[in-house]
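Listed here are the chains, written in short residue letters.
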Amino acid sequence: MSGCRILMVGNPNVGKSALFNRLTSSYVVVSNYPGTTVALSNGRMKHEGVEYAIVDTPGMYSLFPITEEERVARRMIMEEPADILLHVVDAKNLPRMLPFTLQLIEAGLPVILVLNIMDEARKAGLAIDAGALEKRLGIPVVPTVSISGEGVRHLKETIAGYRPGGRRLNIDYGLSVEKTVRESARFMPDTSFTPRATALQALQEDKDVLRLLSTVGSGRASKFFEALNQLKLELDRPVNYYLTMGRQRRAEQILADVVKEVEVTGKGSGAGLDRFLMNPWTGVPILLAVLYLGFYRFVGGFGAGTVVDFLEGHLFEQYFVPFVNGWAEKLIPWPVLRDLVANEYGVLTMGIRYAVAIVMPIVGAFFLMFSMVEDSGYLPRLSLLIDRLFKKIGLSGRAVIPMTLGFGCGTMATMVTRTLESTRERVIATVLLALAIPCSAQLGVIFGLAAESPGIIVTWIGVVGAVFLLVGYLIAKILPGETPDFFMELPPLRMPRLGNVWLKTSTRMRWYFMEILPLFLLASVLIWAGNLTGLFEAALSILNYPTRWIGLPEEAAQAFLFGFFRRDYGVAGLYDIQQGGVLTGNQLAVATITLTLFLPCVAQFLIMFKERGWRVAMAVSAFVFPFAFLVGGAVNFALNALGINL
C-alpha cells in the first residue's frame, strides 16, 4: 500500500540526514557540518504496512534562497508540493529557527515541526513544552533525538495519522506592507503557496517568483511592480527587514512560557573551549596539532607507512604479483592478453595493486580521521577561525567545506563548491582545488615518502601553501565582485560517536570501492592499450622534456602521465619510482610539488566542466599544466642555487 510523499526541510546541521536514515533505514553521509547534503536524497519509509516516499533537501534558512542549493530546496517546496513537510529544527536554537516554521505555516503548507537534538537542548538547560507549542502553532510538534532514535516512532505515528487543514496563520507586518500584500496577492501566479505567501516572496524580489509572474501575462507584472515601487517610497528600510522583524516578534510571542531555562551543572565549559578553538593565538596551534597528529602521523605514518609497507611490500610484492605473473605465463599463451592482466601494466598487477595495496590504506586512514574530526563539531570552528584569511583570497569561511573535502577527493569537493554563495567564490574555489589541494592518496603517499626527511615536508608545505595563497589572492583581484559575509551555525562540541564514525567511514570506503576502484582498472586498460599502440610511449617522450627541465629523471614522466587518469594513480607511480631508489631528496621534493600542482584527474575535469562550464574547465587546465612545471623548475633552481640538499 502506498502512502504520501514527504519532504524534509530545515537549516543545515540540525540532524536532517540522521533523521532521514532513521526513517528510511538507509544511509546518507551523516554530517556534523553544514552543507554536506549537496543533493536531494530519496528514500522510502514503511510504517504499519504503508510505504511513504521521503525526500531530504539541502539545508536552507528561509523561503528566500541565497545559494544554488537553497534555491533547489525552495523550488521543491514551491513547485513540487508534498503531502507532508517535515520541518526539522535544532531544539536548543528554537527562537532563531521558529520564524522559518512560521513562514512555512503562513504559506499554507502541511507542516509537522520536528524538535530535533533534544538531548543537547536538555544539556543546555532548556525545558521545552512541546504540547503547548503544538497548540499555539496549530500543527503537530514532535521532539526527537535522531542520533539515538528517541521520538522517531512517535514521529512515524504522527506522519501516519496526519490530516491536512491546520489553523491558518497571518503575521502582521505593518500597515503599508499589509496593504501592498493584499493588493499584490491578486496578481500572483499559482504555486503551492497561498497567494499571500507568494506575494510576500515577490515583495522581496524573489527571482523565481518574479520569473513565474512574468509568464502569467495580462499586465500583472507591471501592476505588481507599481505597487512594490510605491511601497518602497513609503518605507524607510528594505521590505525584507519588516518581514523578518514581524516573524521574529511572532515567534517570541509564541515561545513565551514554552521554552524555560533550568539550572544545569557543567554549563559553560563548551563555550570556553569554543573560544580557544576560534581565537587565532590558540586556535592555530590546535589546528597544527590536529594536522600533525591526525594527518601526518596517522594518515602519513600509519596509513601510508605501516599498512602500505605490509600490503605492498609483503603481501603483493612477495606473493600476489609473482603468483599472477606465473599464472598468466602458464595459462595465457598470447603475450598481448597476458600483458593485459599481468606484468608491468596489467590490470591485476598494477591496477589492483595500486588501488588496494597503495591507495586504499591511505584513503581509509584519511576517511577515519576525517570522520572523527567531522563528528566532533571541530570543522565549523575551523571555518570561523580562518574566515579572515580566506577573505584575502576571495573566499569566506564557508569554503572550508569544499577545501577540506578536497583533501579526501577533489572530484567530490568540486561538486560541493555549489554550496558557496556567489559565482566568483565558486570559480576561485574550483581553481584552487584543481591546483593546490592534494587528495588524500596524494597527501598520504607524499607524507609516507618523505617521512624520513622533514625538510621535504617543510618545503612541500611552504611552496604549495604559498601557491594556494598567491594564486587565490591574484584571482580575487582579477575577478570582479565582493566576498560575501559569512554566518555559521555552531553545533555542539562532543566526543565523536563510534557509531557515527563507523557509518561515515564505511560509507565513504564503499564509495571508494564502488566508484574509484573501477577507475583504476579502466586506467590500467587505457595504459595497456596506449602501450600497445605506441601512444603511451609518444606521450612519455613529450613529457620527458618538461620532466628533465625541472631536474627529474625521465622515469618520473610516467608518474605525471598516470596523473592524467587519476591523481592518486600518479603518486602511486611515484611511489614505485622512489622504491627503486632513483630520486634524491631534492628531486623528491620537486616531484611531489609538481605532481600536487599538476593537472586535475579526468573525473575532476569532467565535474569542473559540468559545474563551471567548458570555458572555466579548459582555462584552468591550460593554466595549471605549464604553471606546475614552472613552479617545479623554480624550486629545483632555488635548491641548487642555495646549495640545499634535502
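In case you missed it, the structure is sitting above this.
> Before we move on, could you go through the overall build of the protein chain and cite the residues and values that matter?
Tallying secondary structure elements over the protein chain gives 28 helices and eight strands in all. Whereas a compact globule of 646 residues would reach a radius of gyration of roughly 26 Å, the protein chain reaches 28 Å, a difference of no more than 12%. Long-range pairs, those at least 24 residues apart, make up 75% of the contacts in the protein chain with a sequence separation of at least 6. Here the protein chain contributes 59 positive and 54 negative side-chain charges, whose respective centroids are spaced 5 Å apart.

> How would you summarise the pattern of salt bridges if you had to cite specific residues and measurements?
Scanning the model with the defined rule gives 19 salt bridges in all. The salt bridge partner of Lys92 is Asp90, with a shortest N-O separation of 2.6 Å. Measuring nitrogen to oxygen at the nearest pair gives 2.9 Å for the salt bridge that ties Arg196 to Glu178. Of this pair, Arg196 sits in helix 8 (residues 195-203) while Glu178 sits in helix 7 (residues 175-185), placing them 18 residues apart in sequence. For the residue pair Arg196 and Glu178, the accessibility class agrees, reading buried in each case. Among the charged side chains, a salt-bridge network with shared partners connects Arg74, Arg75, Asp206, Asp208 and Arg211.

> Describe the pairing of strand 4 (residues 84-90), listing the residues and the values that go with them.
Taken across its seven residues, strand 4 has seven buried, putting it largely inside the fold. Because side chains alternate across strand 4, one face comprises the buried residues Ile84, Leu86, Val88 and Asp90, and the other comprises Leu85, His87 and Val89, equally buried. Pairing analysis gives six bridges linking strand 4 to strand 5 (residues 111-116), with the strands arranged parallel. Looking at the pairing, Leu85 lines up with Val111 of strand 5. Assessed by its sense of winding, the connection that carries the chain from strand 4 through helix 3 (residues 94-106) to strand 5 is right-handed.

> Requested: an account of the environment of Glu157, with residues and values cited.
With respect to the element layout, Glu157 can be found in helix 6 (residues 152-160). Residues Glu157 and His47, spaced 110 residues apart in sequence, show a C-alpha to C-alpha distance of 8.0 Å.

> Outline unusual backbone geometry, listing residues and values.
The residue Glu48 is not glycine, and still its phi comes out positive at about 55 degrees. With respect to the element layout, Glu48 can be found in the loop between strand 2 (41-47) and strand 3 (50-56). We classify Glu48 as exposed; its relative accessible area is 67%. One non-glycine residue, Ile117, lies in positive phi territory at about 55 degrees. Structurally, Ile117 can be placed in the loop between strand 5 and helix 4 (118-123).

> Give a description of the side chain of Thr158 that names residues and reports values.
Checked against the element boundaries, Thr158 lands in helix 6. Residue Thr158 is classed as buried on the basis of its relative accessible area of 14%. Ignoring any residue separated from it by four or fewer positions in sequence, one finds Thr158 in contact with Ile112, Pro140 and Val142.

> Can you break down helix 16 (residues 378-392) residue by residue, with the values?
For helix 16, with 15 residues, the first-to-last C-alpha span of 23 Å sits near the 21 Å given by 1.5 Å per residue. Along helix 16, the largest kink reaches about 55 degrees and is centred on Ile386. Every buried residue belonging to helix 16 is among Tyr378, Leu379, Pro380, Arg381, Leu382, Ser383, Leu385, Ile386, Asp387 and Phe390, and all of these are buried. Gly394 lies just past helix 16 and shows a positive phi near 80 degrees.

> Describe in detail the packing of helix 5 (residues 130-137) against helix 11 (residues 239-255), supporting the description with residues and values.
Between helix 5 and helix 11, whose axes approach to 10 Å, the crossing angle comes to 135 degrees. As far as their axial angle goes, helix 11 and helix 5 are oblique. Of the residues in helix 11, those in contact with Leu133, Arg136 and Leu137 of helix 5 are Gln253, Ile254 and Leu255. Along the lines of polarity and charge, the residues of the contact of helix 5 with helix 11 split into four nonpolar, one polar and one charged.

> Can you explain helix 11? Please cite residues and give values.
Spanning 17 residues, helix 11 covers 25 Å between terminal C-alpha atoms, matching the ideal 24 Å at 1.5 Å per step. Every buried residue of helix 11 is listed here: Val239, Tyr242, Leu243, Gly246, Arg247, Ala251, Ile254 and Leu255. As for helix 11, its buried residues are in contact with helix 3, helix 5, helix 7, helix 8, helix 10 (220-234) and strand 8 (259-261). Asp257, located one to two residues past helix 11, shows a positive phi value of around 70 degrees.

> Residue-level account of the nonpolar core, with values.
If you look at the biggest cluster of nonpolar residues, it comprises 112 residues, and the most contacted ones within it are Phe390, Leu395 and Met403. With 16 residues, helix 15 (residues 347-376) is the largest single contributor of residues to this core. Excluding residues within four positions of it along the chain, Met403 makes contact with Phe390, Leu395, Ala429, Leu432, Leu433, Ile437 and Phe468. Membership of the second largest hydrophobic core comes to 85 residues, among which are Leu102, Ala121, Ile128 and Phe224.

> I'd like a rundown of the packing of aromatic side chains, residues and numbers included.
On inspection of all chains with the given rule, the structure shows 13 aromatic pairs. Between Tyr241 and Tyr242 the ring centres are 5.5 Å apart and the planes differ by 90 degrees, which places this aromatic pair in the edge-to-face class. When the centroid spacing of 5.6 Å and the interplanar angle of 20 degrees are considered together, the rings of Phe298 and Phe302 count as stacked. In this pair, Phe298 and Phe302 are both assigned in helix 13 (residues 280-331), four residues apart and thus about one turn of the helix distant. Each residue in the set Phe560, Phe598, Phe625 and Phe629 is aromatic and connected to the rest through ring pairs, giving one cluster.

> Now, about a nonpolar patch on the surface: what can you tell me, with residues and values included?
A contiguous nonpolar surface patch, about 420 Å² in accessible area, is contributed by Leu470, Tyr473, Leu474 and Ile478. Mapping Leu474 onto the fold places it in helix 21 (residues 454-478). We classify Leu474 as partly exposed; its relative accessible area is 43%.

> How would you summarise the packing of helix 7 against helix 8 if you had to cite specific residues and measurements?
Between helix 7 and helix 8, whose axes approach to 8 Å, the crossing angle comes to 115 degrees. Here helix 7 is positioned roughly perpendicular relative to helix 8, judged by the angle of their axes. Every pair of crossing elements has a handedness; the one defined by helix 7 and helix 8 is right-handed. Facing helix 7, whose interface residues are Val177, Glu178, Thr180, Val181, Ser184 and Ala185, helix 8 presents Pro195, Arg196, Ala199, Leu200 and Leu203. Among the residues forming the contact of helix 7 with helix 8, the class breakdown is seven nonpolar, two polar and two charged.

> Account for the pairing of strand 2, naming residues and giving values.
Side chains Ser41, Gly43, Met45 and His47 of strand 2 all project onto a buried face; the interleaved residues Asn42, Arg44 and Lys46 project onto a face where none is buried. Both strand 2 and strand 3 contribute to a ladder of seven bridges, which runs antiparallel. Following the sheet pairing, Ser41 is matched in strand 3 by Asp56. Here strand 2 folds back onto strand 3 in antiparallel fashion, the turn holding two residues, of which Glu48 has a positive phi close to 55 degrees.

Conventions adopted
- Within every chain, residues take consecutive numbers counted from 1 along the sequence as written.
- Under the rules for a predicted model, residues below a pLDDT of 70 receive no local features and side-chain atom pairs below 80 are neither given nor counted, while totals for whole chains, interfaces and linings still include all residues.
- Side-chain figures throughout are based on the complete set of non-hydrogen atoms in the structure, without hydrogens or water.
- For helices the rule is a DSSP run of H or I covering at least 4 residues; for strands it is a run of E covering at least 2, with both sets numbered from the N terminus onward.
- For this measure, only C-alpha atoms enter the radius of gyration; the expected value for a globule follows 2.2 Å times N^0.38, where N is the number of residues.
- It only takes one pair of heavy atoms within 4.5 Å for two residues to be counted as in contact.
- For this count, His and the chain ends are skipped, Lys and Arg are scored as positive, and Asp and Glu as negative.
- A charge is said to be at NZ when it belongs to Lys, at CZ for Arg, at CG for Asp and at CD for Glu.
- By salt bridge we mean one thing: a side-chain nitrogen of Lys or Arg within 4 Å of a carboxyl oxygen of Asp or Glu.
- A simple rule labels every residue: compare its accessible area, found with a 1.4 Å probe on the protein chains alone, to the largest value its type can have, and call it buried under 20%, exposed over 50%, or partly exposed in between.
- For two strands to be treated as a pair, DSSP must find no fewer than two bridges joining them.
- Think of it like this: strands point away, you trace from the first strand over the helix to the second, and a clockwise trace means the crossover is right-handed.
- One less than the number of residues in a helix, times 1.5 Å, gives the span that helix is expected to have.
- Bending is quantified residue by residue as the angle between axes fitted to the seven-residue window ending at that residue and the seven-residue window starting at it.
- The angle between two axes is taken between their N-to-C directions and runs from 0 to 180 degrees, where each axis is a line fitted to C-alpha atoms and a helix contributes only its stretch in contact.
- Throughout, the term roughly parallel applies to angles under 35 degrees, roughly antiparallel to angles over 145, roughly perpendicular to angles from 65 to 115, and oblique to all others.
- Under the grouping applied here, Gly and all other residues not named as nonpolar or charged are polar, the nonpolar ones being Ala, Val, Leu, Ile, Met, Phe, Trp, Tyr, Cys and Pro and the charged ones Asp, Glu, Lys and Arg.
- Side-chain atoms within 4.5 Å are what join buried Ala, Val, Leu, Ile, Met, Phe, Trp, Tyr and Cys residues into a set we call a nonpolar core.
- The pairing test for Phe, Tyr and Trp rings, Trp by its six-membered ring, is centres within 6.5 Å, and the orientation test on the planes gives stacked under 30 degrees, edge-to-face over 60, and tilted for anything in between.
- Exposure above 30% relative accessible area and the lack of any salt bridge qualify a residue for a patch; like charges then connect within 9 Å, and the nonpolar side chains Val, Leu, Ile, Met, Phe, Trp and Tyr within 5 Å.
- Per-residue accessibility takes into account occlusion by the displayed protein chains alone, with areas from the Shrake-Rupley method and a 1.4 Å probe.
- Put simply, a crossing is left-handed when the front helix is turned counterclockwise from the back one by less than a right angle, and right-handed when it is turned clockwise.

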